[in-house]
Amino acid sequence: MPAPYPYGEAVVRLRRGPSPGRDPRGQPIPGPLAETTVHGCVVTPRQSTPQVGGDAQQARDTVIVGWTVYAPPGSDWLTTDQVRIRGQVCEITGQPGDWGVSVFTGTPGPVQFAADRVTG
């Protein structure tokens with residue numbers, strides 16, 4: 001089967017492994033970071049948009065807050081993962097959603113998630 005998004009881009013999934021223990025203050029030590037490159041993703045900008053019309057929209061610039069990612073069918077994403085998109089590390093916001101199988105074509109759909117830029 002050909003790649004579902006042959007002109008998509010590669011994004012990197014950043015996932016922490018299990019904690020190896022606790023520090024002297026009892027806080028969990030972060031587990032090792034595993035980086036997995038996922039090829040063929042569709043990445044679209046996502047913006048913070050006020051409600052249409054009215055004073056809230058007037059005199060405001062569009063602010064890009066992150067991306068919506070459409071990853072290949074069956075790819076593995078968790079809400080606790082981070083993702084590197086175009087060199088920027090982002091948090092996955094909300095539960096990644098699997099589109100399932102198209103009732104029109106019978107082919108599997110993408111796994112969709114929001115990725116917000118990490119600041120601070």
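Nothing here was measured: the structure is a model prediction, and the numbers come from that model.

Asker: Summarise the pairing of strand β5 (residues 88-98); cite the residues concerned and give the values.
Answerer: The sheet contact formed by strand β4 (residues 82-85) and β5 spans 4 bridges and is antiparallel. Bridge assignment links R84 to a residue of β5, and that residue is V89. In this antiparallel pair of consecutive strands, β4 and β5, the connection spans 2 residues, and R86 shows a positive phi of 50 degrees. Looking at chain direction, β5 and strand β6 (residues 111-117) are connected through 6 bridges and run antiparallel. The partner of T93 across the bridge, within β6, is A114.

Asker: An account of the pattern of salt bridges is requested, with residue identities and associated values reported.
Answerer: In total, this model carries 6 salt bridges according to the counting rule given. The residue R15 makes a salt bridge to D81 at a minimum N-O spacing of 2.8 Å. Here D81 lies in the loop between β3 (63-71) and β4 and R15 lies in strand β1 (residues 9-16), a separation of 66 residues in the sequence. In this structure, D116 and R46 form a salt bridge, with 2.3 Å as the shortest nitrogen-oxygen distance. A residue pair is termed long-range when its members are at least 10 positions apart, and D116 in strand β6 and R46 in strand β2 (residues 33-48) qualify at 70 residues. Note on R46: relative accessible area 22%, which makes it partly exposed.

Asker: Pulling in residues and values, what's your account of unusual backbone geometry?
Answerer: Within the chain, R86 stands out as a residue other than glycine whose phi angle is a positive 50 degrees. Position of R86 relative to the elements: it lies in the loop between β4 and β5.

Asker: Can you lay out the side chain of T68 for me, pointing to particular residues and giving the numbers?
Answerer: Within the element layout of this structure, T68 appears in strand β3. What makes T68 buried here is its relative accessible area of 11%. The residues touching T68, leaving out its near neighbours within four places in the chain, are V42, V43, T44, R46, Q112 and F113.

Asker: Give a description of the pairing of β4 that names residues and reports values.
Answerer: What you see with β4 is a clean split: V83 and I85 sit on the buried side and Q82 and R84 on the side with no burial. Sheet topology note: the β1/β4 ladder contains 3 bridges and is antiparallel. Opposite V12, over in β4, you have R84 as the bridge partner.

What counts, and at which threshold
Residues numbered from 1 in each chain as written. Predicted model: local features only at pLDDT ≥ 70, side-chain atom pairs only at ≥ 80, totals over all residues. Heavy atoms only, no water. Pairing = 2+ DSSP bridges. Helix = DSSP H or I, 4+ residues; strand = E, 2+ residues; numbered from the N terminus. Salt bridge = Lys/Arg side-chain N within 4 Å of Asp/Glu carboxyl O. Buried < 20%, exposed > 50% of the residue type's maximum accessible area, 1.4 Å probe, protein only. Contact = heavy atoms within 4.5 Å.

In short, geometric facts, not functional conclusions.
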